[in-house]
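Fold and geometry: a report
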Amino acid sequence: CTFLALGTHFGKVFLLDIQGNVTQKFEISSVKINQISLDESGEHVGICSEDGKVQVFGLYTREGFHDNFDCPIKVVALHPQFTRSNYKQFVTGGNKLLLYEKNWLNRWKMSVLHEGEGSITNIKWRANLIAWANNVGVKIYDFSTKQRITNVLRDNVTLRPDMYPCSLCWKDNTTLIVGWGTSIKICVVKERNPTEMRDLPSRYVEIVSAFDTEFFISGLAPLADQLVTLFFVKENSEHMDEEFRARPRLDIIQPLPEGCEEISSDALTVRNFQDNECRDYRLEHSEGESLFYIISPKDIVVAKERDQDDHIDWLLEKKKYEEALMAAEISFKNIKRHDVQKIGMSYINHLVEKGDYDSAARKCQKVLGKNMELWENEVYRFKTIGQLKAISQYLPRGDLRLRPAIYEMILHEFLRTDYEGFATLIREWPGELYNNMAIVQAVTDHLKKDPTNSTLLTTLAELYTYDQRYDRALEIYLRLRHKDVYQLIHKHNLFSSIEDKIVLLMDFDKEKAVDMLLDNEDKISTDRVVEELADRPELLHVYLHKLFKPVCRALEICQQRNFVEETVFLLSRMGNCRRALQMIMEELEDVDKAIEFAKEQDDAELWEDLISYSIDKPPFITGLLNNIGTHVDPILLIHRIKEGMEIPNLRDSLVKILQDYNLQILLREGCKKILVADSLSLLQKMHRTQMRGVRVDEENICESCHATILPSDMTRPFNVVVFHCRHMFHKECLPSPATIHGVQFCNICSAKRRGPGSGILEMKK
């Protein structure tokens, strides 16, 4: 809510800001203002007065509806979206419920929605539903179907409706709350089953809750699933039998299916409450906010929902810092961040004064949040009192980071006093928090005084690892014979970095080194290992022995169990491909597998062996003719076939060779045709897309003057330029044209270097 609209008994309307200051004043009438209605946007206002005047106008234009009636107009209600041109509608209530609509000729058309049941005292419009109250009861009109869908009768007919008016409020688009006298009803608009409709309206109303209250209802407003009620209170005098008017009450009640539960109750002090009647009070609320406005003849009271701030303020008054901070942490979303920090800082100061430095540092995480300035101030305070170690483990190290100098200051402090603590921080803190080179230099300086300190050396190796200087890290680990050297290699995939350090690894631990090399043969080839170990025959022997030992053992087992295919695989791994091919041809007698094996090895000598073995075996020759065309020239095989040898399906094989060749030619031609066809299809699609019309309606604006692109008077000629990028301009608003060869481009897209529009559509009328 950005302002309040207030009408007086003397025909004036004041606009107030939320502090109560008058920002605007309208002279409407000389008598009482009965009703003020604002649309959802707050741009249009409807006003009616006791002398029959009705005005509906824009607060910034003063254009609209102005008329005088021959009877008092008690209420007026604008369509919630009145500002939009499609919803220029409002209703008034006096002796009749009248609907006013602006037609396409810009004239107001009036129609009667209801009459004959006395004066209308209240109207509430929500979405497509209009609810109004008259002397008989409450009715709802469905604007979308032009049907009246309910009649909720008032309970206590002995109460004068002018003295105890009906209170209406919409909780949502389908839930209406009705308060009249001491009775409250909650009504829900529901869709009727199509099979039951016949001549009935498509919607109906179900009363989901109804109950009586202790006092008379002056106003209602929703609060989540509860109700805020403004009560007019009459109480019996202690000394006399007559009643007197007490202070009005603002209650929160919880509706139940067959009653209600009182949640809270507050008596309000307003001036001259002893002289006020039930009709003198109003309750209004701000949509989307828990703000409520109680209007009386002399005062306006603003009420808001109690929140955790109130509880925290009470705790602070009692100096219960810990409980206040706990409450702030629990309801962080409901209170301001700086209030949490204020509370928290008081608590941290209290802990520091007590000497509980660890607890104070721990609280910094939740209290200081993402405030880098506060964090750095606290770090320097802890340095001053000699407690940097206490706060070090709680410093931000994720998305929020302090200046590198802060982390470096703490690391230098640990390096000066505690090597083990320094090493722990280096392991726990990401390397991006500080200047790695500066810390490396500091560690190096300390190593000059103590060159064999294993803690410093290990930490230096970790720093080199963060800096991706893996060679130096490995040298240190190998120098220390650190057990994690192999873990380092695996973790950071340093196999390319150890190709020249294989000897060092073998000297450190032959068994682990050989196991690692054999497990990662795909990353460090056997040839490379042999090359590195060439000058160390004793180490080379260990490697080769372990390499061939598992392979030979596996080969032996496969041969014992006659696993031919497994034996072939192991022979190929050991480099004996000719023997492996021989086993495929002689024992498996499978020409297809032999050809597949030769293709995998891609060795000319293997192909020669395969051809030589197959040259006197007609079935093998057939298989070769059918399958080797992509690796070996079939002519070489055909020339070696003996004259007169009978080869099964020779003709088919030769035909297949020719067909394969022709197929390759056809595939090339087909691909070429597909490419041409796709290019043509995409070109046509692009052309069709660029030729489509662009929808232009009243919601579009000119990108230059930001006014609506279509004029309010469509009968006058106008020019609009619409680019395919969907940017639109009044022709007279176009900046200096950006043209190439007479074609104009969108200035916005050209300025953004997003490429020009593909054309221009001009709409002339």
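Residues numbered from 1 in each chain as written. Predicted model: local features only at pLDDT ≥ 70, side-chain atom pairs only at ≥ 80, totals over all residues. Heavy atoms only, no water.

What counts is decided by this rule: UniProt positions are given in the numbering used here, feature names are shortened, and annotations may be inferred rather than shown by experiment.
The name an unreviewed UniProt entry assigns to the protein is Vacuolar protein sorting-associated protein 41 homolog, from the organism Echeneis naucrates. UniProt lists a comment for the protein under the heading Function (unreviewed entry), and it reads "Plays a role in vesicle-mediated protein trafficking to lysosomal compartments including the endocytic membrane transport pathways." For the record of the protein, the UniProt heading Sequence similarities (unreviewed entry) holds the text "Belongs to the VPS41 family."

**So, helix H11 (residues 470–480)**
Stated formally: Here the term buried applies to any residue with accessible area under 20% of the maximum for its type, exposed to any over 50%, and partly exposed to those in between, with areas from a 1.4 Å probe on protein chains only. Every helix listed is a DSSP run of H or I at least four residues long, and every strand listed is a run of E at least two residues long, numbered separately from the N terminus. Any pair of residues with heavy atoms lying within 4.5 Å of one another is described as a contacting pair.
Within the sequence span of H11, burial applies to Tyr-470, Ala-473, Leu-474, Ile-476, Tyr-477 and Leu-478. Where the residues of H11 are buried, they touch helix H10 (454–466), helix H12 (485–491) and helix H13 (502–508). Positive backbone phi, approximately 50°, marks Arg-481, located one or two places after H11.

**Digging into the pattern of salt bridges**
Note the threshold: We define a salt bridge as a side-chain nitrogen of Lys or Arg found within 4 Å of a carboxyl oxygen belonging to Asp or Glu.
Counted under the stated rule, the structure contains 24 salt bridges. Of the charged contacts, one joins Arg-84 and Glu-699 as a salt bridge, the two residues approaching to 2.9 Å between their closest N and O atoms. One end of the pair, Arg-84, is in the loop between strand S8 (75–78) and strand S9 (89–93); the other, Glu-699, is in the loop between helix H23 (650–691) and strand S29 (719–723), and 615 residues separate them in sequence. The partner of Lys-389 in a salt bridge is Asp-418, and the shortest N-O contact between them spans 3.9 Å. Of the two residues, Lys-389 is situated in helix H6 (residues 388–392) and Asp-418 in the loop between helix H7 (404–417) and helix H8 (419–428); the sequence distance between them amounts to 29 residues. It is possible to trace a salt-bridge network through shared partners that takes in Lys-12, Lys-25 and Glu-27.

**Quick word on the environment of Asn-371**
Summarising the element assignment, Asn-371 is placed in the loop between helix H4 (357–368) and helix H5 (372–384). Sequence separation of Asn-371 and Gln-341 is 30 residues, and the distance between their C-alpha atoms is 9.4 Å.

**Brief notes about the sheet that holds S9**
Here is the rule we go by: In this analysis, strands are considered paired if DSSP registers two or more bridges between them. To obtain an axis, a line is fitted to C-alpha atoms, over the contacting stretch when the element is a helix, and the angle between two such axes runs from 0 to 180 degrees between their N-to-C directions.
One open sheet accounts for four strands, arranged S8-S9-S10-S11; its pairing is antiparallel. The open sheet has two edge strands, S8 and strand S11 (108–115), and neither has a second partner. The mean angle between the axes of side-by-side strands here comes to 20°, regardless of whether they run parallel or antiparallel. Bridge count between S9 and strand S10 (residues 96–102): five bridges; the pairing is antiparallel. Paired with Thr-92 across the strands is Leu-98, a residue of S10.

**Structural notes on the packing of H4 against H5**
We apply this condition: Comment on the angle field: the value is read as roughly parallel under 35 degrees, roughly antiparallel over 145, roughly perpendicular from 65 to 115, and oblique elsewhere. Each residue gets one of three labels, nonpolar for Ala, Val, Leu, Ile, Met, Phe, Trp, Tyr, Cys and Pro, charged for Asp, Glu, Lys and Arg, and polar for the others, Gly among them.
Two elements in contact, H4 and H5, have axes whose closest approach is 11 Å; the angle formed by their N-to-C orientations is 170°. As the angle between them shows, H4 and H5 are arranged roughly antiparallel. Taking contact as the criterion, the partners of Tyr-357, Ala-360, Ala-361, Cys-364, Gln-365 and Leu-368 in H4 are, on H5, Leu-374, Trp-375, Glu-378 and Phe-382. Each residue belonging to the contact of H4 with H5 can be placed in one class, and the counts come to eight nonpolar, one polar and one charged.

**Looking at the side chain of His-446**
By the secondary structure assignment, His-446 is in helix H9 (residues 436–449). On the basis of relative accessibility, which here comes to 18%, the residue His-446 falls in the buried class. Residues within four places of His-446 in sequence aside, it is in contact with Leu-415, Tyr-419 and Leu-456.

**With respect to unusual backbone geometry**
With phi around 65°, Asn-106 is a residue other than glycine that occupies positive phi space. Relative to the elements of secondary structure, Asn-106 occurs in the loop between S10 and S11. Despite not being glycine, Ala-127 shows a phi value in the positive range, around 55°. Tracing the backbone through its elements, the reader meets Ala-127 in the loop between strand S12 (122–126) and strand S13 (129–133). Under the relative-accessibility criterion, Ala-127 is labelled partly exposed at 32%.

**Topic: H9**
Basically, it comes down to this: The span expected for a helix works out to 1.5 Å for each residue beyond the first. When we speak of the arc, we mean the arc of directions from the helix axis to the C-beta atoms. Any N or O atom pair separated by 3.5 Å or less is treated as a polar contact, with the protein-specific requirement of one donor-capable and one acceptor-capable atom, and with residues adjacent in sequence counted only for side-chain atom pairs.
If you check H9, its first and last C-alpha atoms are 21 Å apart, about what 14 residues at 1.5 Å a residue would give, namely 20 Å. Residues Asn-436, Ile-439, Val-440, Ala-442, Val-443, His-446 and Leu-447 constitute the buried set of H9. Buried positions in H9, seen along its axis, are confined to an arc of 160° and lie on one side of it. Away from the buried face of H9 by more than 90 degrees, exposed residues Lys-448 and Lys-449 are located. The distance from a side-chain oxygen at the start of H9 to the backbone nitrogen of Met-437 is 3.1 Å, and the residue carrying that oxygen is Asn-435.

**Looking at the side chain of Asn-122**
With respect to the helices and strands, Asn-122 occurs in strand S12. In this structure Asn-122 comes out as buried when scored by relative accessible area, which is 10%. Of the polar contacts made by the side chain of Asn-122, one reaches the backbone oxygen of Cys-166; its length is 3.0 Å. If near-sequence neighbours (up to four positions away) are discounted, Asn-122 is found in contact with Val-75, Ala-131, Trp-132, Ala-133, Cys-166, Ser-167 and Leu-168.

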